[in-house]
Every structure is written in C-alpha cells, then in structure tokens.
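# Structural description and commentary
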Amino acid sequence: VRMMHALRTGFAKGELFVVYQPQMDLAARRPVGAEALLRWQTPDGTFISPDRFIPIAEYSGLIIDIGEWVLRSACHELVRLREAGHRQFTMSVNVSQVQFRHPYFLDMLRSALEETGAPPEFIELEITESMAMEEPDLLIKMLGQIKHTGVSIAIDDFGTGFSSLSYLQRLQVDRLKIDRAFVTEITHSARGSSIAEMVIQLGRNLGLSVIAEGVEDERQAAILQALGCPLAQGFLFARPMATTALYAWLNDDG
Ligand code: G
Ligand code: G
Ligand code: MN
Ligand code: NA
C-alpha cells in the first residue's frame, strides 16, 4: 500500500521515465528498432525495478494511465526519430494484461496513434506468452482488431509458456521474442541451444519474425546468427538508454 501511494504520487510528479534499448539486425549489426522500457527513480535516487512496481501498478489499476503514457511517449519518440532520418526504425512497447483487457484499450491505442502521428506499421506491442494463453477467444478477437490498426504484435518471453503450435498458428502475431533464459543457455551445454533453435525454426515455418533478447556476448551472437536468427537485443549491442544517449549512440553507429 505504501509503494502504491509512492507510485501514484511519483507518476504524477514525473519520477517515471522511459528508456530505449536498440534492437539489431544480427547479420548487419545495424539498429532496426528499439524497445521502450519503463524506469522509476524515487526522489532519494533509488531505482525501483519494473519487476517490482509493475505488479503494483497492475493491482492498483495505475497501469492504465502509466501504460498509456508509456505508449504515447514511445510514439512521440518514434516520430522524432523519423524526423531525424531514422525512417525504418520500429518501436516496441510492452503491454500489461490488465491494459489489454481494459474495455478502452483499442480506443486508447487508436487515439495515441492519431494524436502523436506515429505510423502504426512501425509500432509493435509486446504481450507475454503467459498472457497469450489466457482466454484464447478474447485474445484472438483483440489481436484481429489490433491488426486492423496496422500495429504489429510480438510474443515476449517466448518459450517460457506452453502455448501449443496449433494455437500459435491461430494467433495473428508478427514476431516471437526468444526469452533471455534460452539465450543464456546457448553456450552452457550441447543441448543448450535447442529451444532457441526450435523458436527460430518455428518462426521461419510460420513466417514470423524472431528476435533473441538478452544477448550479452559475441559467442551467443555468433551461435544465434548461425542458427538463422535475424534480430537480437541485449547488453552486447546496447543497454536501455535515455533518449539523448540513444541519439548519440545511433549517430555514433552511423
Ligand atoms: O527493463 P527491465 O529488464 O528492468 O524490465 C523488467 C520487466 O518489466 C520486463 O519483464 C519488462 O517487460 C517489464 N516492463 C518494462 N517496461 C514496461 C512497460 O512499460 N510496461 C509493462 N507492462 N512492462 C514493462
Ligand atoms: O521481459 P522483457 O523482455 O520486456 O524485459 C526486458 C528486460 O531485459 C529489460 O529490463 C532490460 O533491461 C533487460 N535486458 C536487456 N538486455 C539484457 C541483457 O543483455 N542482459 C540482461 N541480463 N538483461 C537485459
Ligand atoms: Mn519486452
Ligand atoms: Na522478455
């Protein structure tokens, strides 16, 4: 309850901010997009992890306003990036299941797109695999409606849930994100790469884009590339950054 109050006032006072982590074309080592990630720094300087405060934001309903603000911030940033010449850049935004089930989610999405002028085809929403498994009928309907807006969908933390292949085939999603845990395992044992390999293959068979997350070293990147993984994200390439740092990094990179 204490943290809920601190979050409510902190959000109102501007203590939350959004950082952006580049997503790379693995073979070309070129940035092709970024994921927007929420951060909270309290007045005493402490950073509170989204793993801790997002559940509280969900439980309290604050996630509705916070999530809308993150989406609008990311849309604005995408427009600015395009104006700066990064015209093929995509922007991924995490969506909580509480937001997703909110009756006005689609209206909120449409007005965020309209009012910021962000092109929907360069916006991607990340939903988690566990979310994807609950209430299949609602999910299938929602994904169809989101598709209509032109926004694409990625399944985050893919491989951690147990969605069946036939179910996955029914979902109108565009991308699978290989969970960091499976990227870490890649170099740990002979069988360590089997899940990553399976997801890459699955993506290829279903015509979906695949991105590996949490890539921290060159060995992991090399194996993923050899397995045919097109995209990657992780500390090897860049950490999540505030916008000024992101611009510097993008320009530095050419
Ligand atoms: O950025 P970091 O690794 O600390 O994020 C921890 C978790 O918080 C991740 O699972 C990430 O998906 C989630 N997260 C980060 N930003 C957002 C956000 O804006 N909305 C939601 N719903 N989750 C987020
Ligand atoms: O669950 P989701 O994929 O949205 O979470 C993304 C989180 O992963 C972010 O909080 C981000 O800070 C974190 N992250 C991104 N790249 C790396 C990485 O290379 N290693 C580790 N340990 N965490 C990462
Ligand atoms: Mn994510
Ligand atoms: Na993830």
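Because the structure is predicted, anything quoted here is derived from the model rather than measured. (Residues numbered from 1 in each chain as written. Chains lettered and ligands numbered in written order. Predicted model: local features only at pLDDT ≥ 70, side-chain atom pairs only at ≥ 80, totals over all residues.)

### Overview of the overall build of the chain
Scanning the chain for helices and strands turns up 12 helices and 9 strands. Computed over the C-alpha atoms, the radius of gyration of the chain is 18 Å, within 12% of the 18 Å expected from 2.2 N^0.38 for a compact globule of 254 residues. Each principal axis of the C-alpha atoms in the chain carries an extent, and together these give about 50 × 45 × 35 Å. Across the 254 residues that make up the chain, the buried fraction comes to 38%. Long-range pairs, those at least 24 residues apart, make up 64% of the contacts in the chain with a sequence separation of at least 6. (Helix = DSSP H or I, 4+ residues; strand = E, 2+ residues; numbered from the N terminus. Rg over C-alpha atoms; globule rule 2.2 N^0.38 Å. Buried ≥ 20, exposed ≤ 12 C-beta atoms within 10 Å, placed from the backbone. Contact = placed C-beta atoms within 7 Å.)

### Topic: the site of ligand 2
Around ligand 2, 13 residues are found, and the nearest of them are Gly214, Glu216, Gly234, Phe235 and Pro240. By residue class, the composition of the shell around ligand 2 is 4 nonpolar, 4 polar and 5 charged. (Near = placed C-beta within 6 Å. Nonpolar A, V, L, I, M, F, W, Y, C, P; charged D, E, K, R; others polar.)

### Examining unusual backbone geometry
A positive phi angle is found at Arg29, which is not glycine, with a value near 55 degrees. Within the element layout of this structure, Arg29 appears in the loop between strand 1 (16–25) and strand 2 (30–41). Positioned with a positive phi, Asp157 is a non-glycine residue whose angle comes to about 55 degrees. Turning to its location among the elements, Asp157 is positioned in strand 6 (residues 152–158). Here Asp157 falls in the buried class, since 21 other C-beta atoms lie within 10 Å of it.

### Brief notes about the nonpolar core
A general trend in soluble globular proteins is that nonpolar side chains are found buried together. Counting 65 residues, the largest nonpolar core has Ala74, Val93, Ile178, Ala196, Ala212 and Ala232 as its most contacted members. Ranked by residues supplied to this core, first place goes to helix 3 (residues 63–83) with 8 residues. Not counting residues up to four positions away in its chain, the partners in contact with Ala212 are Ile178, Val183, Ala196, Leu224, Cys229 and Ala232. (Core = buried A, V, L, I, M, F, W, Y, C linked by C-beta atoms within 7 Å.)

### Let's talk about the environment of Phe100
Looking at the secondary structure, you find Phe100 in helix 4 (residues 97–101). Here Phe100 falls in the buried class, since 21 other C-beta atoms lie within 10 Å of it. Beyond its immediate stretch of four places on either side in the chain, Phe100 contacts Val95, Phe105, Ile127, Met131 and Met142.

### Considering the packing of helix 3 against helix 5 (residues 105–116)
Closest axis-to-axis distance for the helix 3/helix 5 pair is 9 Å, and the angle between their directions is 30 degrees. In terms of axis orientation, helix 3 runs roughly parallel to helix 5. As for how helix 3 packs across helix 5, the hand of that crossing is right-handed. Across the interface between the two elements, Glu68, Leu71, Arg72, Cys75, His76 and Val79 of helix 3 pack against Met108, Ala112, Leu113 and Thr116 of helix 5. (Axes fitted to C-alpha atoms, helices over the stretch in contact; angles between N-to-C directions. Parallel < 35°, antiparallel > 145°, perpendicular 65-115°, else oblique. Left-handed = near helix turned anticlockwise from the far one by under 90°.)

Worth remembering: the numbers are spatial, not functional.
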